[in-house]
Amino acid sequence: MKKGVLVLTVNKRLSRHLLLQYEKEMVKAGCLAWETPLIMPLSAWVESLWSEYGDRPFFSDVRSFALWAKLAEEDARASGLVMRKGIAAESYEARAIVKEYGISLPDGIYLTEEARFLKKWTLAYDRELASRGYVDRASLAAEAARLIHGKKAAIAPQIILAGFDEYKPDLALVLSALKAAGSSVGFWPEEPPRPGDEIEVEFNGRVHIRPCVDELEEVVDAARWCRSVIRPDIRVAVIAPNLGRYRGLIEKEFRAELTPSLVFPWEVGEDAFNISLGEPLADCPIISAALAVLSIPPLTPPHAKGGLGGVWPR
């Protein structure tokens with residue numbers, strides 16, 4: 001990083017962590033100023049590469065999902081189906097995985113009803129996207145690799161890929177293009193196993209399985225276990241499936257166990273833990289209140305048709 005090597009991380013969290021560690025090293029070395037190191041997530045780098053050298057505009061994630069949901073709902077109504085809440089988001093994620101792994105769905109006769117609709121919506125979405133002349137995130141890695149192979153983009157001579165623990169097809173596409181373009185590509189802390197490689201796992205600890213009555217007991221037990229093992233030189237990570245669903249419960253119980261003083265609203269301080277998943281803006285109290293006010297329909301005077309009765313001031 002000191003030599004200006006481009007570091008591409010697996011996610012934003014690792015980028016922030018490495019940048020913070022770098023800044024601490026600079027301060028420890030007595031530096032008063034230094035150049036910002038080249039660190040960013042691989043996805044952000046691919047997007048920036050496309051924005052600079054791409055031959056079509058990028059279709060944002062918000063617009064992409066809105067188009068997918070619109071096409072899916074229209075087709076469901078035309079087919080006489082009632083779409084379950086959330087099916088648009090789930091099918092959109094499924095389509096992204098299909099694109100990411102380069103999967104070709106077979107003919108409809110071999111597919112379940114859900115898979116047939118996924119294939120149908122994917123074809124409709126791809127046609128619509130092509131007609132508009134856009135490229136979306138799911139196709140961005142393949143398109144960026146095409147740019148690199150065609151020598152249409154300036155590439156850093158040395159690149160380090162940090163934090164990757166598996167070879168996904170989109171990563172393999174970009175990596176192959178970078179090497180073909182003459183870039184020296186390395187991995188940190190180590191290169192992930194390639195598909196088909198035999199993976200050896202060495203584990204010298206002990207695994208305990210503990211049954212819990214419900215999610216509350218599970219979260220409380222996890223928080224108390226963290227409190228019992230955390231030391232100044234020890235960092236603990238808790239893997240929580242469906243984190244978005246249980247975020248409030250996890251935040252409440254971990255705060256009660258690890259920073260109990262912050263349970264009181266008048267206390268000011270910093271939590272002893274960090275949750276990797278961001279909180280939706282609409283869930284923030286002040287934003288939620290503003291949206292609630294904006295959602296109130298306008299009242300009509302009592303003499304108007306369909307208006308509400310009552311006393312109206314002049």
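This is a predicted model, so every value here is computed, not measured.

A. Quick look at the environment of T9. Within the element layout of this structure, T9 appears in strand 1 (residues 6–9). Placed 154 residues apart in sequence, T9 and G163 show a C-alpha to C-alpha distance of 6.0 Å. Non-local contacts of T9, meaning those with residues more than four positions away in its chain, are made with L14, S15, L18, I39, M40, P41, L42, A162 and F164.

B. Region of the structure containing the nonpolar core. If you look at the biggest cluster of nonpolar residues, it comprises 27 residues, and the most contacted ones within it are L42, W45, I155, L161 and L178. Listed by contribution, the elements that provide at least two residues to this core are strand 1, helix 2 (42–53), helix 6 (140–149), strand 3 (158–162), helix 7 (169–180) and strand 4 (184–188). Broken down by element, this core gets its largest block of residues, 6 residues, from helix 6. Those residues in contact with L42, other than ones at most four positions away along the chain, are L8, T9, F164, L171 and V174. If you look at the next biggest cluster of nonpolar residues, it comprises 13 residues, including F59, A72, F117 and W121.

C. Broad picture of the packing of aromatic side chains. Summed over the entire model, instances satisfying the criterion amount to 8 aromatic pairs. On the basis of an interplanar angle of 55° and a centroid distance of 5.7 Å, the ring pair of F117 and W121 is categorised as tilted. Taken as a pair, F117 and W121 lie in helix 5 (residues 113–132) at a separation of 4 residues, close to a single helical turn. Judged by relative accessible area, F117 falls into the buried class, the value being 16%. A centroid spacing of 6.0 Å and a plane angle of 65° characterise the contact between Y167 and F187, whose relative ring orientation is edge-to-face. Taken together, the residues span a long stretch of sequence, with Y167 in the loop between strand 3 and helix 7 and F187 in strand 4 at a distance of 20 residues. According to the relative accessible area criterion, F187 is buried, its value standing at 17%. Taken together, the ring pairs in this structure connect F65, W68, Y92, F117, W121 and Y125 into an aromatic cluster.

Definitions and cut-offs
- Residues numbered from 1 in each chain as written.
- Predicted model: local features only at pLDDT ≥ 70, side-chain atom pairs only at ≥ 80, totals over all residues.
- Heavy atoms only, no water.
- Helix = DSSP H or I, 4+ residues; strand = E, 2+ residues; numbered from the N terminus.
- Contact = heavy atoms within 4.5 Å.
- Core = buried A, V, L, I, M, F, W, Y, C linked by side-chain atoms within 4.5 Å.
- Buried < 20%, exposed > 50% of the residue type's maximum accessible area, 1.4 Å probe, protein only.
- Phe/Tyr/Trp six-rings, centres within 6.5 Å; stacked < 30°, edge-to-face > 60°.

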